[in-house]
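# Results of the structural survey
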Amino acid sequence: MDEKKILAGQFEANRAHLRAVAFRMLGSRAEAEDAVQEAWLRLNRTDVGDVENLGGWLRTVVARICLDMLRSRKLRREEPMGDVGSGLPSDAGTASYDPEYQLAMADSVGLAMLVVLETLGPAERVAFVLHDMFDLPFDDIAPIVGRTADATRKLASRARQRVQGTSVSPEADRARQRRVIEAFLAASRDGNFGALLSILDPDVVFRADEAATRLGSEAELRGPEAVAGHFQGRAHGAKPATLDGALGVLVEAGGKTLLVLRVTLKGDRIIGIEAVADRESLADLKVAVLD
């Protein structure tokens, strides 16, 4: 029992770092949490008595889990999606605004950059994240992606060229971003389906946490028609706000926070919306209503 407690303590000491690694790879707080939880389950099934660097071992496990998740995303994206359309993976363009997100993405990797990262192949993304963001040697990354060190170096180099070639910045033209969000809220309140469609990107994805689904939100929607239909006639009590400094939406009822919407823009259109109503998550947010 004492050994289990020690192991749990070591895992908790690495949890924040593992979440940051997983979030950079997946671009989704929910999926990052799933990856970290799976790493914990694997740790409990594995004899790590001979492991000298448990933190490094856990990071490798999380990276492999994330690689599998990215590959599964790619397969789902290539499958027909029926009437609601296809496009980016289930969490493409969505992101977390909690403090660990800010730490993980502070060095110029922001919300819009996540959209750029989504264009990378799974192995490219893992190699780029581990090397360029966490300074992991290519010799250590190679076994994770199943390539030689030289091939892994080339993967990261291609990814770096694509990332550096983007001029997207999450802080650029906040006034324009706010106009888009305000137009979205106005169209939602007015029930203007056509206006909603014009504001939503063809690859828009909406996701809601478990608490938000209990309030009546769908768990996941893809495509402008499905997302516009979900928001048509809603947004009463919704206000533009900053969520830990990033633009989003606050929804109140009776003077109390009901949920927040994390909004990601691609150009002048919304490509990602995440509804968060979990009380612990909301408690971690610094929310400020915009004048």
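For the structure given in this document, a descriptive report is provided here. All values reported here derive from a predicted model rather than from experimental measurement.

Another aspect to go through is the overall build of the chain. Each helix and strand counted, the chain has 13 helices and seven strands in total. For the chain, buried positions account for 49% of its 291 residues. A separation of at least 24 residues holds for 64% of the contacts in the chain among residues at least 6 apart in sequence. For the chain, the exposed surface amounts to about 13,700 Å²; the carbon and sulfur share of it is 49%.

What follows covers the side chain of threonine 242. Structurally, the position occupied by threonine 242 is in strand 3 (residues 238-243). Exposure remark for threonine 242: the relative accessible area of 14% places this residue in the buried category. With residues near it in sequence (within four places) discarded, threonine 242 still touches Arg174, Leu247, Lys286, Val287, Ala288 and Leu290.

For the rest of this paragraph, the subject is the pattern of salt bridges. Across all of its chains, the model carries 15 salt bridges by this definition. A salt bridge links arginine 15 to glutamate 12, with the shortest nitrogen-to-oxygen separation between them at 2.8 Å. Highlighted residues: arginine 15 and glutamate 12, both in helix 1 (residues 2-26), separated by three residues, approximately one helical turn. Assessed through its relative accessible area of 45%, glutamate 12 is described here as partly exposed. Salt bridges linked by common partners bring Glu38, Arg42 and Arg45 together as one network.

Negative phi values dominate among residues other than glycine, just as trans dominates among peptide bonds. Phi is positive for aspartate 135, close to 55°, though the residue is something other than glycine. Within the secondary structure layout, aspartate 135 lies in the loop between helix 6 (122-133) and helix 7 (138-145). Judged by its relative accessible area of 65%, aspartate 135 is exposed. One non-glycine residue, alanine 235, lies in positive phi territory at about 70°. One can find alanine 235 in the loop between helix 12 (224-231) and strand 3.

Here is what the cut-offs are and how they apply
- Residue indices begin from 1 for each chain and proceed along its sequence in written order.
- Only residues with pLDDT of at least 70 are given local features in this predicted model, and only at 80 or more are side-chain atom pairs given and counted; all residues enter the totals for whole chains, interfaces and linings.
- The basis for every side-chain value is the complete set of heavy atoms in the structure, and neither hydrogens nor water enter the calculation.
- Each helix is a run of DSSP H or I of at least 4 residues and each strand a run of E of at least 2, with the numbering of both proceeding from the N terminus.
- Exposure categories follow from relative accessible area, calculated using a 1.4 Å probe and restricted to protein chains: below 20% of the type maximum is buried, above 50% is exposed, and the middle band is partly exposed.
- In what follows, residue pairs with any heavy atoms lying within 4.5 Å of each other are defined as contacts.
- Surface accessibility follows the Shrake-Rupley procedure with a 1.4 Å probe radius. Residue values consider only the protein chains on display as shielding.
- We count a salt bridge whenever a side-chain nitrogen from Lys or Arg sits within 4 Å of a carboxyl oxygen from Asp or Glu.

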